[in-house]
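Given next are the chains, with one letter for each unit.
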Amino acid sequence: MPHFDYPCPDCRATTSLHDADCQFEGTPWVDVERAYVDIVSVLTGGPCDEETLRREAPGEWGALQQSALSRLKRDDRISEANSGVLRLLTAEEFREEVSEPTHEPMRTLFTYGSVPGCHDNAVFAMIAWYEMVGLSWPETRENVVNWLRETGTWDRGGFEEATPQELVEKKRHVYDAGYGWKEKATSAKRIIDRYRA
């Protein structure tokens with residue numbers, strides 16, 4: 001099954017298998033990718049407001065383009081100033097922005113770390129999340145190893161591996177396969193919340 005570089009703006013699928021309730025199920029993938037490319041092509045010319053973006057984007061602006069723009073904003077690929085001006089983030093700005101998850105359930109995992117009973121799900125979720133936001137394997141590995149140490153997760157114990165690096169390397173298959181993070185993160189957050197209560 002082919003994989004695509006741009007996720008569905010509704011369900012985030014990168015294959016032709018959308019979620020059951022996805023509003024873009026059946027939309028040709030070339031149209032999904034074109035919606036993203038049309039937005040990015042305008043913004044590579046420089047910052048502009050949304051009205052200008054809609055006017056200058058090639059083709060007709062519709063629900064697909066609006067959803068793609070919303071997805072790019074939510075994924076921190078585009079920033080929007082208080083004045084309404086949109087601009088593409090540079091690669092460095094994007095890496096810095098996504099290194100710290102700001103939405104639940106990932107924010108809880110990132111902030112408090114994992115606890116015994118959810119280590120596997122939490123580490124899985126962290127690796128899958130960094131892969132999803134587009135970090136390379138070396139960047140992902142470094143972020144997850146730092147997270148294990150800085151949150152006290154590693155010090156809480158419960159790992160078979162001798163070092164955080166060894167643990168993360170054993171989970172590389174999660175990164176390579178491009179697994180989703182949400183289910184594992186939600187499960188880990190429930191245990192972390194109980195632990196903290």
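Residues numbered from 1 in each chain as written. Predicted model: local features only at pLDDT ≥ 70, side-chain atom pairs only at ≥ 80, totals over all residues. Heavy atoms only, no water.

Participant: I'm lost on helix H11 (residues 182-196) in this one. Help?
Facilitator: It helps to recall that an α-helix has 3.6 residues per turn; residues three or four apart then point in one direction. With 15 residues, H11 should cover 21 Å at 1.5 Å per step; its first-to-last C-alpha distance of 21 Å lies within 8% of that length. Turning to H11, its buried residues number three or more, namely Ala185, Ser187, Ala188, Lys189, Ile191 and Ile192. (Helix = DSSP H or I, 4+ residues; strand = E, 2+ residues; numbered from the N terminus. Expected span 1.5 Å × (residues − 1). Buried < 20%, exposed > 50% of the residue type's maximum accessible area, 1.4 Å probe, protein only.)

Participant: Explain the packing of helix H6 (residues 119-132) against helix H7 (residues 137-150) here, please?
Facilitator: In a packed pair of helices, the relevant descriptors are the angle between the two axes and the axis-to-axis distance. Two numbers describe how H6 lies on H7: the axes approach to 9 Å, and their chain directions differ by 145°. Remark: the crossing between H6 and H7 carries right-handed chirality. Residue-level contacts link Ala122, Val123, Met126, Ile127, Tyr130 and Glu131 of H6 to Trp137, Thr140, Asn143, Val144, Trp147 and Leu148 of H7. Partitioning the contact of H6 with H7 into residue classes produces nine nonpolar, two polar and one charged. (Axes fitted to C-alpha atoms, helices over the stretch in contact; angles between N-to-C directions. Left-handed = near helix turned anticlockwise from the far one by under 90°. Contact = heavy atoms within 4.5 Å. Nonpolar A, V, L, I, M, F, W, Y, C, P; charged D, E, K, R; others polar.)

Participant: Could you clarify how one ought to interpret the packing of aromatic side chains in this entry?
Facilitator: Here the distance between the centres and the angle between the planes together describe a pair of aromatic rings. Considering all chains together, one arrives at five aromatic pairs under this definition. Taking the centre distance of 5.6 Å and the plane angle of 35° together, the rings of phenylalanine 124 and tyrosine 179 count as tilted. Here the residue phenylalanine 124 occupies a position in helix H6, and tyrosine 179 occupies one in the loop between helix H10 (172-177) and H11, the gap between them amounting to 55 residues. For phenylalanine 124, a relative accessible area of 12% puts it in the buried group. (Phe/Tyr/Trp six-rings, centres within 6.5 Å; stacked < 30°, edge-to-face > 60°.)

Participant: Please explain the side chain of serine 114 as it appears in this structure.
Facilitator: Among the secondary structure elements, serine 114 is positioned in the loop between helix H5 (106-112) and H6. A residue is classified by how much of its surface remains accessible, and serine 114, at 0% relative accessible area, is buried. Filtering out sequence-adjacent residues up to four positions away, serine 114 remains in contact with His119, Ala122, Trp147, Thr153, Arg156 and Ile192.

Participant: Just to check I follow, could you spell out the pattern of salt bridges for this structure?
Facilitator: If charged atoms from side chains of opposite charge come close, those side chains can pair. Taken as a whole, this structure holds 14 salt bridges when the rule is applied. Salt-bridge contacts for aspartate 75 lead to arginine 12; the nearest nitrogen and oxygen are separated by 2.7 Å. Of the two residues, aspartate 75 is situated in the loop between helix H3 (63-74) and strand S2 (78-80) and arginine 12 in the segment before helix H1 (29-43); the sequence distance between them amounts to 63 residues. A relative accessible area of 18% places aspartate 75 in the buried class. (Salt bridge = Lys/Arg side-chain N within 4 Å of Asp/Glu carboxyl O.)

Participant: Where do I start with the nonpolar core in this structure?
Facilitator: If you look at soluble globular proteins, the nonpolar side chains tend to sit buried side by side. By size, the foremost hydrophobic cluster in this structure holds 34 residues, and its most contacted members are Met106, Leu109, Ile127, Val144 and Leu148. Breaking this core down by element, the ones donating at least two residues are helix H4 (91-98), H5, H6, H7, helix H9 (164-170), H10 and H11. Here the element with the most residues in this core is H6; it accounts for nine residues. For methionine 106, the residues in contact, after removing those within four places along its chain, are Pro101, Ala125, Met126, Trp129, Trp181 and Ala185. Listed in part, the 22 residues of the second largest apolar core include Cys11, Ala13, Ala35 and Trp61. (Core = buried A, V, L, I, M, F, W, Y, C linked by side-chain atoms within 4.5 Å.)

Participant: Whenever I open this one, the environment of valine 174 confuses me. Can you help?
Facilitator: In this structure, valine 174 sits in helix H10. Note on valine 174: relative accessible area 0%, which makes it buried. Separated by 47 residues in sequence, valine 174 and isoleucine 127 place their C-alpha atoms 6.8 Å apart. In contact with valine 174, not counting residues within four places along its chain, are Phe124, Ile127, Ala128 and Tyr179.

Participant: Would you explain unusual backbone geometry in this entry?
Facilitator: Leave glycine aside and you will find that most residues have negative phi; peptide bonds, for their part, are mostly trans. A cis amide bond links glutamate 104 to the next residue, proline 105, at an omega of 5°. Within the secondary structure layout, proline 105 lies in the loop between H4 and H5. Although it is not a glycine, arginine 12 sits at a positive phi angle of roughly 70°. A positive phi angle, near 60°, is found at aspartate 76, a position not held by glycine.

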